[in-house]
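Observations on the three-dimensional arrangement
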Amino acid sequence: MSNLPNKNMYIYFRNAIIYLFVTTIFLHFLKSSTPLYYVILLGLFFLLLFLTLLNKNFLSIYTDNTFIFLIFVFYLIFSAIWSFTTIGILFNGSNVGIIDIIIGIGNMLIIPLSLFFILNLAEKKETIINIILIFIMFVCLGALSMILQYFVGDIGLFGEGYARFGGYSRYGEVGLSYSSILGAPTVYGSVFFLPLILCFTYFKKNILLNFLIILILIAGLYLSTSKAGILNLLITLLLLIIFLNFKQKILLIVFMLLASIMLVYFLPEIFSSGIVIFSNTFGIDIGDVEYSRGLYSPILEKGIQRFTGYPWINNSPQYSEFLFGFGVIGPGGIFGTNFRASSHNAILDLYQIGGIFLPIIFILINLLIYFKSCFFRTYAQCCNVCLIFGLIL
């Protein structure tokens, strides 16, 4: 009995480190402001590694549900090693250097390895739920940071806004998209749908709080001027209508209508921005808002480009590249290198990193989660379908 307080203190400390690390990851917009960010991030990462090695149940992670994920992690490690074979090769007028490879490996491995550590250390369901709540909180903060800039103007700490079709600001800067604490404007459109699904599937008891979250998420989507975000919203709504029961479907419709009415009434320019995104995505003029003829291209054409990677991936690979990829330089600037162009399709980016087998393993992980979810069956089914579409879009 005397060891129980010490054990509880260890659990509290371990969970605190997990939450601090996850929070630090979401504060990555600070990396350009101070080198201290990397010191804290790496310190927490190695602390997670140390705690994992101390865990007596280290081997308990090896289950049917995690086996494919471990294969994915080890394949990424192999791809990191394979990256060194590209040193000295000329890409886009520059030779790949060892520093480029080391930076790319760090950017590529920190998240999957951290997840591996957390899977070992998070013994209770509540720990995972708290991590998800932290994620929801930061997505909402990302939306709020864009809404704040709508009123006060661009905030340099989050990164510079840049011109896109249809964005609005209080100062009449048509075409301005805002960065947020999540990163570039396009990042928001790739993640906002996950909290949206959670509000209707798992965290559905507090109706008023859920409505407030949904209102913030939709406003942030319009300010991000993200085509992928609009498509993800439509796919999410379709899947929720399929999976939810009748009462939840009615609640979904009511929430979306109320959110739209409130935006039209209180923040009409933000709602107008959403209309322009829709027009630019689908080529349909709504009211007196026209899509930009210079920027618009048919959605089917865009879909084929994103699905195939053309024109970003237009060369025939050698056998070694087909089987093992290019390592960390494969997906372009994603890992801090600019020797190759990104395919604008995360599945194809995985192919450029590790060859044909890496995206296959990743898809198998998502299928496994879809069919064998432990905690959130409806959540997992909706989120994984949306995630696959989001990665391609």
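Cut-off values and rules
- Residues numbered from 1 in each chain as written.
- Predicted model: local features only at pLDDT ≥ 70, side-chain atom pairs only at ≥ 80, totals over all residues.
- Heavy atoms only, no water.
- pLDDT = per-residue confidence, 0-100.
- Helix = DSSP H or I, 4+ residues; strand = E, 2+ residues; numbered from the N terminus.
- Contact = heavy atoms within 4.5 Å.
- Expected span 1.5 Å × (residues − 1).
- Buried < 20%, exposed > 50% of the residue type's maximum accessible area, 1.4 Å probe, protein only.
- Phe/Tyr/Trp six-rings, centres within 6.5 Å; stacked < 30°, edge-to-face > 60°.

**So, the confidence of the model for the chain**
Mean pLDDT for the chain: 76, with 73% of residues reaching 70 or above. Per-element confidence in the chain is highest for helix 2 (residues 36–54), whose mean pLDDT is 89, and lowest for helix 16 (residues 377–392), whose mean pLDDT is 43. Long-range and interchain partners of residues 374–393, a stretch whose pLDDT sits below 50, account for 58 contacts in this model, where long-range means more than four residues apart.

**Quick look at helix 9 (residues 227–243)**
Taking 1.5 Å of rise per residue, 17 residues should cover 24 Å, and helix 9 covers 24 Å from first to last C-alpha, within 8% of that figure. Buried residues of helix 9: Lys-227, Ala-228, Gly-229, Ile-230, Leu-231, Asn-232, Leu-233, Ile-235, Thr-236, Leu-237, Leu-239 and Leu-240, and no others.

**A short note on the packing of aromatic side chains**
On inspection of all chains with the given rule, the structure shows 18 aromatic pairs. On the basis of an interplanar angle of 65 degrees and a centroid distance of 5.4 Å, the ring pair of Phe-211 and Phe-255 is categorised as edge-to-face. Placement of the pair is Phe-211 in helix 8 (residues 207–224) and Phe-255 in helix 10 (residues 246–266), with a sequence separation of 44 residues. You can call Phe-211 buried: its relative accessible area is 13%. Note on Phe-255: relative accessible area 6%, which makes it buried.

**Let's talk about the environment of Gly-332**
As for its position among the elements, Gly-332 is in the loop between helix 13 (319–324) and helix 14 (346–354). As for Gly-332 and Asp-349, which are separated by 17 residues in sequence, their C-alpha atoms are 8.6 Å apart.

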